[in-house]
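In case you want the letters, here they are:
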Amino acid sequence: MIDSGLSIMQADSSASLGNILSNTAVDILLIGERFAGMDGLDVIEQLGPLRYSSLTVLLADHFSAATLDRSRKLGLYDCIQTPLQQSDLQRILLRREAQLNKLSALIVDSQPAARRIIFKLLSDCRFQLMISEAESGPLAVSLTKAIPYHLLLVDPETEGWQGSDMVKKITARQQQCRIVLMSARDEASILAQHEDADVAGFLKKPFYPNDLERLMHQLLGIPPSNLLNKNFFEEQALPSPALSDVPQPPSDLDEAAQSADGNSEIVWL
């Protein structure tokens with residue numbers, strides 16, 4: 001109903017799910033908290049490395065605090081209440097589209113150890129990023145003359161970084177580029193030094209995968225997943241429902257799944 005170009009597959013057992021993921025490039029995996037008489041999170045855990053190839057979304061009427069915590073630890077992308085709303089699916093599809101687009105990122109930091117850590121964080125996030133590094137401001141400017149970047153992560157104390165003047169030079173040349181400052185210092189003092197420049201955001205060092213995920217969502221205009229929303233955890237700290245209380249997927253979405261076709265794959269459970 002939302003995108004007729006999607007190919008939607010269904011699995012009714014852990015074996016059929018494993019078979020699909022082993023043989024098909026699946027972009028999104030939607031799985032019920034109770035699936036085929038099993039705990040959906042147990043099934044996901046049993047998938048091992050296969051689960052990392054997809055944006056995995058757990059579906060349930062309500063989520064307990066323990067379920068949400070385990071979902072984060074297992075690397076799920078989202079937890080969504082049923083019955084599914086069109087807005088939830090549109091948000092997931094926006095995230096999928098961003099995942100399929102190749103983006104380029106430049107890390108600007110004089111400290112080799114810091115660059116290695118940030119490189120690892122960017123590599124592990126599920127956006128497709130081509131990552132470069134620069135150890136000085138002049139090198140960063142030189143690279144931006146040759147390579148179109150979507151994201152610059154800059155420590156403003158990098159050798160040769162000239163504050164707002166440098167930001168203006170780069171953004172004037174590359175209008176699609178978003179420059180994010182990162183520092184262990186106070187955010188207000190750092191941004192004050194760049195107040196007349198188009199800075200897209202700030203990350204407090206040290207930062208973590210979820211901080212980077214929130215930033216990427218913000219820069220790409222994608223609503224964040226519920227697992228990145230701290231208020232969602234507080235609102236959902238309820239007992240898990242009994243199996244008999246969990247609603248089935250809406251029939252209209254099920255009919256749409258049967259009629260859709262295309263190249264990208266989604267598994268509906």
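The coordinates are above.
Computed from a predicted structure; not experimentally measured.

*Asks:* Please clarify how the layout of surface pockets should be interpreted in this entry.
*Replies:* One way to see where empty space is left: roll a probe the size of a water molecule over the atoms. Counted as a void, the largest pocket has a volume near 420 Å³. In this structure, the largest pocket is lined by 18 residues; those nearest its centre are Gly75, Leu76, Pro209, Asn210 and Glu213. Elements supplying a minimum of two residues to the lining of the largest pocket: helix 5 (112–124) and helix 9 (209–220). The element contributing the most residues to the lining of the largest pocket is helix 9, with four residues. Here the lining of the largest pocket is built from residues that sort into 10 nonpolar, three polar and five charged.

*Asks:* Please explain the pairing of strand 7 (residues 103–108) as it appears in this structure.
*Replies:* Burial of strand 7 is extensive: six of the six residues sit out of reach of the surface. With burial as the criterion, each face of strand 7 is covered, one bearing Leu103, Ala105 and Ile107 and the other bearing Ser104, Leu106 and Val108. Pairing of strand 7 with strand 8 (residues 129–134), which is carried by six bridges, proceeds in the parallel orientation. Of the residues in strand 8, the one forming a bridge with Leu103 is Leu129. Remark: the strand 7/helix 5/strand 8 crossover connection has right-handed handedness. Bridge count for strand 7 against strand 9 (residues 151–154) is four bridges, and the pairing is parallel. When the bridges of strand 9 are listed, Ala105 appears paired with Leu151.

*Asks:* How do you make sense of helix 3 (residues 65–73) when you look at a structure like this?
*Replies:* Helical periodicity: at 3.6 residues per turn, an α-helix aligns residues three or four positions apart in one direction. Inspection of helix 3 places Thr67, Leu68 and Ser71 among the buried residues, and these make up the whole buried set. The buried residues of helix 3 occupy an angular sector of 100° when the element is viewed end-on, so they sit on one face. Facing away from the buried side of helix 3 by over 90 degrees, the exposed positions are Ala66 and Lys73. Immediately downstream of helix 3, the backbone of Gly75 shows phi near 80°, a positive value.

So, how was this worked out
- Going along each chain's sequence as written, the residues are numbered from 1 onward.
- This being a predicted model, a pLDDT of at least 70 is required before a residue's local features are given, and a value of 80 or more before pairs of side-chain atoms are given or counted; all residues contribute to the totals for chains, interfaces and linings.
- Hydrogens and water are ignored here; the side-chain numbers use all heavy atoms of the structure.
- Space inside and on the surface of the protein is sampled on a 1 Å grid over the protein atoms alone, with a cavity defined as a set of points where a 1.4 Å probe fits but cannot get out and a pocket as an open set with protein on both sides within 12 Å along at least 5 of 7 lines; lining residues have an atom within 4 Å of a point.
- Grid points are joined across faces, edges and corners, and a volume is the space filled by probe spheres set on the points.
- Each helix corresponds to a stretch of at least 4 residues labelled H or I by DSSP, and each strand to a stretch of at least 2 residues labelled E; elements are numbered beginning at the N terminus.
- Residues are grouped as follows: Ala, Val, Leu, Ile, Met, Phe, Trp, Tyr, Cys and Pro are nonpolar; Asp, Glu, Lys and Arg are charged; every other residue, Gly included, is polar.
- Working definition: with a 1.4 Å probe on protein chains only, accessible area under 20% of the residue-type maximum means buried, over 50% means exposed, and in between means partly exposed.
- Should DSSP find at least two bridges between two strands, the strands are regarded as paired.
- Think of it like this: strands point away, you trace from the first strand over the helix to the second, and a clockwise trace means the crossover is right-handed.
- Directions from the helix axis toward the C-beta atoms define the arc.

What is shown is where atoms sit, not what they do.
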